[in-house]
Amino acid sequence: MPNFTALREDFPTLAREVRPGVPLTYLDSTATAQKPRAVLEAMDAFYRRHNANIHRGIHTLAEEATAAYEGAREKIAAFINAPEAAQVIFTRNTTESINLVAYTWARANLKAGDLIVLTEMEHHSNLVPWQMLAAERGVELAFIPVTAEGLLDMAAYARLLEREPKLVAFTHMSNVLGTINPAGEMIAAARAAGAITLLDAAQSVPHLPVDVQALEVDFLAFSAHKMLGPTGIGALYGRRDLLEAMPPFLGGGDMIKRVDLDGFRANDLPHKFEAGTPAIAEAVGFGAAVDYLRAVGMEAILAHEQELTAYALERLAAVPGVRIIGPRAEKRGGVIAFVLEGVHPHDVAQILDGEGVAVRAGHHCAQPLHLCFNLPATTRASFYLYNTRDDVERLVKALAKVKEIFG
Ligand code: C6P
C-alpha cells in the first residue's frame, strides 16, 4: 500500500496556509485536483526546452514538441486501456468531449422522435448538450430516476431500454452523491438494446481503474484537471468505426488532409477532431499526471478513498443536525454532500474557509439532482489520494465552529 500521508509532500499547494497560522485542508478535489511537482515540472521543462508548435515544423524543437504531445496521448490511451492512441482525442475538458459527440455523432445519426436515455444525477455538461439537441432536432430525452438512497433505479432503466433508445449517456460517478454507477452492467444492457453508450467519466477516471475495452463503452469523456493534471485539456475516447464515420467538429488547421477553395478532406484520427494549435504543454502535464497516478496505483487510490469516505461518513453522521445525501459507503467514491440544519450551505462553506477547510457549496452543476432531494444546495466535501483522516477531523472540528456561530 502506498504511503498516502507521505505523498502529500509532492503537492506544494497542500503545504500552504490560507492565511497566517491557518493551514489549508483541501476537500474540493471533485471541482479540481491539486497538482504534484511532477506535473508542474513537466510543463515547466516543456516551455523551457522544447516549446514549439506540433505537426507543422521539421526543426528539432517542433519534432520534440510533437513527440511529447503524441507521447502523452499514448500514456492516456494506455491508462484507460484504449486499443490505440488514435482513439483518444484531446479536447478542452469533459464538457467539450460530450459536446463533440453531441455536435458530430448525434447530429449525424439522430432524428426527431429518437430517444436518448440520461439519468437524473447528471452534471449539466451531460444534460444541457442533449437538451440543446432536443430543442433543435426534436429528439426525446428520458431519465433513469434516482432512488432516495441516491442509486439509479435499475428496474426503471430496464423499462426505458424496452423503448429502444439510440443513445444511453450517464455519469460513471456522481459529483454530488459520490454514487459509483454499475457502468459495465448498464453498458451491456444498453448494447443489448441496440443503443450507443457514452460514459461521463469526469469523476471515475481520476479515482478508479477504468478500462474502456472491458466496459465495451462507445464514448468516454474526462478532464485532466480532476486527475492531477492541468486545466484546459481533457479527452474523448471513441470506438474507431464511430469516430471514423463522424463528421469533424471544428474546422481549421491540422484537422485536414487537403484543402482547396471548393472544400477539404478531413485528416485521419485523431487529428480530424483537433483543429488549431492544441494545448501542448497541458498535454505534457496530462501525461505526467497519468504517470503519477499509475505509479501510485488506481486500485490503491480507490481503496484509500473508500476507506477515508467510510470514516468521514461515520464522523459526519455523528455531528448533530448534519444530513448526508447519497448511498452507503460501499456504493460511493470520495464525495460527501450534506446539509447542516438551519444553516445555508454557502454560510457553512464560508465559515469552513475561515478554518482553512476548502469545500464547495451550491448545486455543483447538478440542479435537477438537487431537486430530487428537495434541496436547492448542499455543502460538498471531496477526497483524493492526498487526503487523510486528519483532514476529516479538521472538517468535523470546523463544523463545530459553524454550529457555535449559528447557535
Ligand atoms: N464537476 C464539480 O465541482 P469539466 O468542467 O468539463 O472539466 O467537467 C464537467 C463535469 C462533467 N461531469 C461530471 C460528473 C463532473 O463532475 C464535472 C465537473 C466539477 O463537481 C466542476 S462543475
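The structure this text deals with has already been given above.
Definitions and cut-offs
- Residues numbered from 1 in each chain as written.
- Predicted model: local features only at pLDDT ≥ 70, side-chain atom pairs only at ≥ 80, totals over all residues.
- Heavy atoms only, no water.
- Helix = DSSP H or I, 4+ residues; strand = E, 2+ residues; numbered from the N terminus.
- Rg over C-alpha atoms; globule rule 2.2 N^0.38 Å.
- Buried < 20%, exposed > 50% of the residue type's maximum accessible area, 1.4 Å probe, protein only.
- Contact = heavy atoms within 4.5 Å.
- Areas by Shrake-Rupley, 256 points an atom, 1.4 Å probe, with all protein chains shown as cover.
- Lys, Arg positive; Asp, Glu negative; His and termini not counted.
- Charge placed at Lys NZ, Arg CZ, Asp CG, Glu CD.
- Patch = residues over 30% accessible without salt bridge, like charges linked within 9 Å, V, L, I, M, F, W, Y side chains within 5 Å.
- Salt bridge = Lys/Arg side-chain N within 4 Å of Asp/Glu carboxyl O.
- Axes fitted to C-alpha atoms, helices over the stretch in contact; angles between N-to-C directions.
- Parallel < 35°, antiparallel > 145°, perpendicular 65-115°, else oblique.
- Left-handed = near helix turned anticlockwise from the far one by under 90°.
- Nonpolar A, V, L, I, M, F, W, Y, C, P; charged D, E, K, R; others polar.
- Arc of directions from axis to C-beta.
- Polar contact = N/O pair within 3.5 Å; in protein donor to acceptor, adjacent residues only side chain to side chain.
- Near = heavy atom within 4 Å.
- Pairing = 2+ DSSP bridges.

Draft legend 1. Representation of the overall build of the protein chain. Of the regular secondary structure elements, the protein chain holds 13 helices and 17 strands. Against the globule reference of 22 Å for 407 residues, the protein chain gives a C-alpha radius of gyration of 22 Å, in line with a compact fold. Considering only C-alpha atoms, the protein chain reaches an extent of 70 × 55 × 35 Å along its principal axes. Taking all 407 residues of the protein chain together, 56% fall into the buried category. Long-range contacts, defined here as pairs at least 24 residues apart, represent 72% of the contacts in the protein chain between residues at least 6 apart. Carbon and sulfur atoms provide 52% of the accessible area of the protein chain, an area that totals close to 16400 Å². The average position of the 38 basic charges and that of the 48 acidic charges among the side chains of the protein chain differ by 2 Å.

Draft legend 2. Just a nonpolar patch on the surface, in detail. On the surface, Tyr-103, Val-128 and Met-132 cluster together into a nonpolar patch covering about 230 Å² of accessible area. Assignment of secondary structure puts Met-132 in helix H4 (residues 128-137).

Draft legend 3. Spotlight on the packing of helix H2 (residues 60-79) against helix H9 (residues 280-296). Two numbers describe how H2 lies on H9: the axes approach to 8 Å, and their chain directions differ by 40°. Relative to H9, H2 is oriented oblique. Two packed elements cross with a definite hand, and for H2 against H9 that hand is left-handed. Packed against H2, whose contacting residues are Ala-65, Ala-68, Tyr-69, Ala-72, Lys-75, Ile-76, Ala-78 and Phe-79, the element H9 presents Ile-280, Ala-283, Val-284, Phe-286, Gly-287, Val-290, Asp-291, Leu-293 and Arg-294 at the interface. In terms of residue class, the contact of H2 with H9 is made up of 13 nonpolar, one polar and three charged.

Draft legend 4. Structural context of the pattern of salt bridges. All told, the structure shown has 26 salt bridges when counted by the stated rule. Arg-19 is paired through a salt bridge with Asp-353; the nearest N and O atoms lie 3.4 Å apart. Taken together, the positions of Arg-19 in strand E1 (residues 17-19) and Asp-353 in helix H11 (residues 345-354) put the pair 334 residues apart, joining distant regions of the chain. What makes Arg-19 partly exposed here is its relative accessible area of 33%. Under the relative-accessibility criterion, Asp-353 is labelled partly exposed at 34%. Salt-bridge contacts for Glu-393 lead to Arg-315; the nearest nitrogen and oxygen are separated by 2.7 Å.

Draft legend 5. Region of the structure containing H11. Within H11, burial applies to Pro-345, Val-348, Ala-349, Ile-351 and Leu-352. Seen end-on, H11 carries its buried residues on one side only, within an arc spanning 165°. In this fold, the buried residues of H11 make contact with strand E14 (335-340), strand E15 (357-358), strand E16 (360-362), strand E17 (378-382) and helix H13 (389-406). With its phi angle positive at about 90°, Gly-356 sits one or two positions after the end of H11.

Draft legend 6. Spotlight on helix H5 (residues 154-161). Along H5, the positions that sit buried rather than exposed are Ala-156, Tyr-157, Leu-160 and Leu-161. Buried positions in H5, seen along its axis, are confined to an arc of 145° and lie on one side of it. Here the buried face of H5 lies against strand E5 (115-119), strand E6 (140-144), strand E7 (167-171) and helix H6 (183-192). Two or three places before Ala-155, at the opening of H5, Asp-153 has a side-chain oxygen 3.1 Å from that residue's backbone nitrogen.

Draft legend 7. A look at the environment of Asp-391. Relative to the assigned elements, Asp-391 resides in helix H13. For the pair Asp-391 and Val-259, spaced 132 residues apart in sequence, the C-alpha to C-alpha distance is 56 Å. Not counting residues within four places of it along the chain, the set of residues in contact with Asp-391 comprises Arg-8, Thr-25, Leu-27 and Tyr-386.

Draft legend 8. Seen up close, the environment of Leu-313. In this fold, Leu-313 is placed in helix H10 (residues 298-317). On the basis of relative accessible area, Leu-313 is assigned to the buried category, the value being 13%. In contact with Leu-313, not counting residues within four places along its chain, are Ile-324, Ala-329, Arg-332 and Ile-336.

Draft legend 9. Here's a closer look at the site of the ligand. Neighbouring the ligand are 18 residues, the closest being Thr-95, Asp-200, Gln-203, Ser-223 and Arg-360. Within the contact set of the ligand, a nitrogen atom lies 2.6 Å away from a side-chain nitrogen or oxygen of Asp-200. The side chain of His-225 places a nitrogen or oxygen atom 2.7 Å from an oxygen atom of the ligand. In isolation the ligand has 510 Å² of accessible area, and contact with the protein removes 90% of it. Tallied by class, residues from the shell around the ligand come to three nonpolar, eleven polar and four charged.

Draft legend 10. Representation of the sheet that holds strand E4 (residues 88-91) in the model. Strand order in this open sheet of seven strands is E4-E10-E9-E8-E7-E5-E6, and the pairing throughout is mixed. Of all strands in the sheet, those bounded by a partner on one side alone are E4 and E6. The sheet shows a mean angle of 20° between the axes of neighbouring strands, direction not considered. The strands that H2 touches are E4 and strand E9 (219-223); relative to E4, the one it contacts most, it runs at about 120°. Together, E5, E6 and E7 form the strand contacts of H5, whose direction differs from that of E6 by roughly 155°.

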